[in-house]
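# Architecture at a glance
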Amino acid sequence: TPINSPVVDTLKGVTAAWDLSMSPAYTAMTMYQPWQMTLPALGSRFGMVRSAATMASKTGEALGILKSMLQAGWGQEKGDSFFNRAASLSDIQLRFKELKNPDGTPLLSGETLGMLQALQWSGMMNFGQTQQIFRTDPANKGAISKAIRIATVMPHYAEMLNRIVTATTAYEMARKVGKM
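As the structure is a computational prediction, the values presented were derived from the model and not from experiment. (Residues numbered from 1 in each chain as written. Predicted model: local features only at pLDDT ≥ 70, side-chain atom pairs only at ≥ 80, totals over all residues. Heavy atoms only, no water.)

### Section: the overall build of the protein chain
The helix and strand tally for the protein chain stands at nine helices and zero strands. Sorting the 180 residues of the protein chain into buried and exposed places 39% on the buried side. Partitioning the contacts of the protein chain with sequence separation of at least 6, the portion at a separation of at least 24 is 70%. In the form shown here, the protein chain has an accessible surface area of approximately 10,300 Å², with 61% of it arising from carbon and sulfur atoms. (Helix = DSSP H or I, 4+ residues; strand = E, 2+ residues; numbered from the N terminus. Buried < 20%, exposed > 50% of the residue type's maximum accessible area, 1.4 Å probe, protein only. Contact = heavy atoms within 4.5 Å. Areas by Shrake-Rupley, 256 points an atom, 1.4 Å probe, with all protein chains shown as cover.)

### Examining the pattern of salt bridges
Applying the stated criterion across every chain, the model contains six salt bridges. Here E172 makes a salt bridge to K58, at a shortest N to O gap of 3.9 Å. Of this pair, E172 sits in helix α9 (residues 153-177) while K58 sits in helix α4 (residues 48-76), placing them 114 residues apart in sequence. Residue E172 is classed as buried on the basis of its relative accessible area of 12%. Through salt bridges that share partners, K58, E61, E111, E172, R175 and K176 make up one connected network. (Salt bridge = Lys/Arg side-chain N within 4 Å of Asp/Glu carboxyl O.)

### A look at the packing of helix α8 (residues 143-151) against α9
Between α8 and α9, the shortest axis-to-axis distance is 4 Å and the interhelical angle comes to 40 degrees. In this structure, α8 contributes R149, I150 and A151 to the contact, and α9 contributes V153, M154 and P155. Looking at side-chain class alone, the contact of α8 with α9 contains five nonpolar, no polar and one charged residues. (Axes fitted to C-alpha atoms, helices over the stretch in contact; angles between N-to-C directions. Nonpolar A, V, L, I, M, F, W, Y, C, P; charged D, E, K, R; others polar.)

### What to know about helix α3 (residues 33-46)
Taking 1.5 Å as the rise per residue, α3 with 14 residues should run 20 Å; its terminal C-alpha atoms sit 19 Å apart, in good agreement. Considering bend angle alone, the principal kink of α3 is centred on L39 and spans about 40 degrees; proline P40 follows within four residues of it. Residues of α3 that are buried: P34, T38, L39, L42, G43 and F46. A positive phi of about 100 degrees marks G47, the residue just after α3. (Expected span 1.5 Å × (residues − 1). Bend = angle between axes of the 7 residues up to and from the residue.)

### A word on the nonpolar core
Here is a general trend for soluble globular proteins: nonpolar side chains tend to be buried in one another's company. Grouped together as the largest cluster of nonpolar side chains are 25 residues, with contacts concentrated most on I65, L66, M69, F96, L108, L116 and I164. Those elements giving two or more residues to this core turn out to be α3, α4, α6 (110-122) and α9. (Core = buried A, V, L, I, M, F, W, Y, C linked by side-chain atoms within 4.5 Å.)

### A short note on the side chain of S68
By the secondary structure assignment, S68 is in helix α4. Judged by relative accessible area, which is 12%, S68 ranks as buried.

### Overview of a nonpolar patch on the surface
A cluster of nonpolar residues, M29, Y32 and W35, forms a patch on the protein surface that exposes about 290 Å² of accessible area. Mapped onto the elements of the fold, W35 is located in helix α3. (Patch = residues over 30% accessible without salt bridge, like charges linked within 9 Å, V, L, I, M, F, W, Y side chains within 5 Å.)

### Let's talk about the side chain of N162
Structurally, N162 can be placed in helix α9. A relative accessible area of 4% means that N162 is categorised as buried. Looking at N162, its side chain comes within polar contact range of the main-chain oxygen of T30, at 2.6 Å. Setting aside its immediate chain neighbours within four residues, N162 contacts T30, M31, Q33 and P34. (Polar contact = N/O pair within 3.5 Å; in protein donor to acceptor, adjacent residues only side chain to side chain.)

### Quick word on the environment of G64
Residue placement: G64 occurs in helix α4. Each C-alpha atom, one on G64 and one on N101, is 9.1 Å from the other, the two residues being 37 residues apart in sequence.

### Observations concerning the confidence of the model for the protein chain
Averaged over all residues, the pLDDT of the protein chain is 77; the fraction at 70 or higher stands at 76%. Model confidence for the protein chain, summarised as mean pLDDT per element, is weakest for helix α7 (residues 127-133) at 52 and strongest for α3 at 93. (pLDDT = per-residue confidence, 0-100.)

### A short note on the packing of helix α2 (residues 24-31) against α3
Packing of α2 against α3 brings their axes to within 5 Å, and their N-to-C directions diverge by 30 degrees. Compared by their axis directions, α2 and α3 come out roughly parallel. Within the contact between the two elements, α2 uses M29, T30 and M31 and α3 uses Q33, P34 and W35. (Parallel < 35°, antiparallel > 145°, perpendicular 65-115°, else oblique.)

So, in structure tokens, the structure goes:
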């Protein structure tokens, strides 16, 4: 039976953040999921060497996307305290279309941009789900809420990396080889 209590919600958020987010092993395990789960599936369909090479390339691209997202999120709170800026990274809105290369050109191409936006619109890249699990609320400016949101940044982005790598690798392999 759910209990509607801010105190219980905070306690559950702290334990969830502690169990998942504060564990380097959890974050590392999350980060290699595409190589453990997706690569064998793509390799069986498109060839292991070709799939691994594409996944390595797409991992680099995904890291660039996440770097741009983190920089954009950090810049949104310019002038605020380190604590507030770090907490805001868990609240970042995914705006793939606004991501730019250092020279100002768009970071993502039309096809990749469209595919990632479709995944975002479907809810597969929704930060709100993580906020529900950890029972955090961006409107809550209390120290405990901010600390929980800061603790969840790394696993949050590790999961985003997985989804971007998996989606872009599968898309690229299907596009190159032509077998869906």
